[in-house]
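Analysis of the macromolecular model
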Amino acid sequence: MQDHIVMDNSTDIAKYGYKQELDRTMNVWQLTAFGLNYMVPIAPAIIFGILLQISGGTVALPYLLAGVAMLLTAFSYSVMVRNFPLAGSVYSYVGRGWNPYLGFVAGWVLTLDYILIPTVTASSSAYFAQQYFPDVPYWILLAIFSVGTGLLNLFGVELVSKMGLWLLVLGEFVVWVSILVWGNAVSKGMGTGTLLSTQPFHFDSMSSLAAATSLAIFSLMRLPH
């Protein structure tokens, strides 16, 4: 049955002039874990204060609106991958669905995105780690995160996919529990005594909300391509 499925997939993509060469070893759970880990659950922490200042008092609302936008983007990706089941993501979708020259440009933009994300992640991780280890120079922490991530990827996608499931379960659990405990403590300190409040959705103006939402979308653009 498995050989038959692989043969059918190869037949489907043969009409695009593409020969199946990549080893499809990741299952749906591993792919889901990879996608969620790729988004980095703590990514909002990097720009939390900036969003609060730009919006004039809310972080929850920009991320709520950004989540809707990214959900529509995810649906769009699901449609495109069914029509063009090829590697290359945006490069393939734009190149085959619109124009090959624009697809070339989109491919290079995607490459820059893949360079920018590890850079931002490593520099942010080094910055936060230095708060706990102030005596360690920043460049040493940056080198540890950069080299460590590179070495991890050298072991192949199978190891990363297996670790991804554990990182997702443990990481998401720690993050969500921390948010609930911290939010409850803050609400009690403010005298509300409850997590259900409209105060987190207060903002100055529509323009400030739009600016904050665009920045929130940027931090959520770690969706796997």
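Scoring rules and cut-offs
- Counting restarts for each chain: residues are numbered from 1 in the order of the written sequence.
- The model is predicted, so local features are restricted to residues of pLDDT at least 70 and side-chain atom pairs to those at 80 or more, both for listing and for counting; the totals for chains, interfaces and linings are taken over all residues.
- Where side-chain values are given, they derive from all heavy atoms of the structure, hydrogens and water being excluded.
- Secondary structure elements follow DSSP: runs of H or I of four or more residues count as helices, runs of E of two or more count as strands, with numbering from the N terminus.
- A simple rule labels every residue: compare its accessible area, found with a 1.4 Å probe on the protein chains alone, to the largest value its type can have, and call it buried under 20%, exposed over 50%, or partly exposed in between.
- To count toward a patch, a residue needs a relative accessible area over 30% and no salt bridge; like charges are then connected within 9 Å, while nonpolar side chains (Val, Leu, Ile, Met, Phe, Trp, Tyr) are connected within 5 Å.
- Working definition of accessibility: Shrake-Rupley area with a 1.4 Å probe, residue cover restricted to the visible protein chains.
- When a carboxyl oxygen of Asp or Glu lies within 4 Å of a side-chain nitrogen of Lys or Arg, that pair is called a salt bridge.
- Axis lines are fitted through C-alpha atoms, for helices just across the contact stretch, and the angle between N-to-C directions can take any value from 0 to 180 degrees.
- When an angle is under 35 degrees it counts as roughly parallel; over 145 it counts as roughly antiparallel; between 65 and 115 it counts as roughly perpendicular; any other value is oblique.
- Should the near helix be turned anticlockwise from the far one by less than a right angle, the crossing is left-handed, and should it be turned clockwise, the crossing is right-handed.
- Residues are treated as being in contact if the distance between any of their heavy atoms lies within 4.5 Å.
- Each pair of aromatic rings taken from Phe, Tyr and Trp, with Trp reduced to its six-membered ring, is defined by centres within 6.5 Å and is described as stacked if the planes are under 30 degrees apart, edge-to-face if over 60, and tilted in the remaining cases.
- Each residue after the first adds 1.5 Å to the expected span of a helix.
- Here a polar contact is recorded for every N or O atom pair within 3.5 Å, except that within protein the pair must consist of a potential hydrogen donor and a potential acceptor, and residues adjacent in sequence are included only if both atoms are side-chain atoms.
- Residues enter a nonpolar core if they are buried and are Ala, Val, Leu, Ile, Met, Phe, Trp, Tyr or Cys, with the set joined through side-chain atoms within 4.5 Å.

The phi angle at Ser-89 is positive, at roughly 55 degrees, despite the residue not being glycine. Here Ser-89 lies in the loop between α4 (60–83) and α5 (90–97). Judged by its relative accessible area of 5%, Ser-89 falls in the buried class.

Once that is clear, we can look at a nonpolar patch on the surface. Taken together, the side chains of Val-147, Leu-151, Leu-152, Leu-154, Phe-155, Leu-159, Met-163 and Leu-167 present a nonpolar region at the surface, about 770 Å² in accessible area. Mapped onto the nonpolar patch, the elements with two or more residues apiece are α7 (138–154) and α8 (157–189). With 4 residues, α7 is the single largest residue contributor to the nonpolar patch. Tracing the backbone through its elements, the reader meets Val-147 in helix α7.

In this section: the packing of α5 against helix α6 (residues 100–132). Following both chains from N to C, one finds α5 and α6 inclined at 165 degrees, their axes separated by 7 Å at the closest point. When the axes of α5 and α6 are compared, the pair comes out roughly antiparallel. Of the two elements, α5 crosses α6, and the hand of that crossing is right-handed. Judged by residue contacts, Val-90, Tyr-91, Val-94 and Gly-95 of α5 engage Pro-100, Leu-102, Gly-103, Phe-104, Ala-106, Gly-107 and Leu-110 from α6.

Per the stated rule, a full pass over the model turns up 3 aromatic pairs. Aromatic side chains Tyr-77 and Tyr-93 sit 6.0 Å apart centroid to centroid with 75 degrees between the ring planes, which places their arrangement in the edge-to-face category. Of the two residues, Tyr-77 sits in helix α4 while Tyr-93 sits in helix α5, which places them 16 residues apart along the sequence. Aromatic side chains Tyr-127 and Phe-128 sit 5.6 Å apart centroid to centroid with 70 degrees between the ring planes, which places their arrangement in the edge-to-face category. Look at Phe-128 and you get partly exposed, because its relative accessible area is 34%.

Turning next to α6. The terminal C-alpha atoms of α6, which comprises 33 residues, lie 49 Å apart, in line with the 48 Å expected from a rise of 1.5 Å per residue. Along α6, the residues classified as buried are Gly-103, Ala-106, Gly-107, Leu-110, Asp-113, Ile-117, Ala-122, Ser-124, Ala-126 and Ala-129. Capping the start of α6 is the job of one residue whose side-chain oxygen sits 2.7 Å from the backbone nitrogen of Tyr-101: Asn-99.

Membership of the largest hydrophobic core is limited to 9 residues, which are Ile-47, Leu-51, Val-59, Tyr-63, Ala-66, Met-70, Ala-212, Ala-216 and Leu-220. If we ignore the near neighbours within four places in the chain, the residues touching Ile-47 are Tyr-63, Leu-215 and Ser-219. Ile-13, Tyr-16, Phe-84 and Tyr-93 belong to the second-largest nonpolar core, a separate cluster that totals 5 residues.

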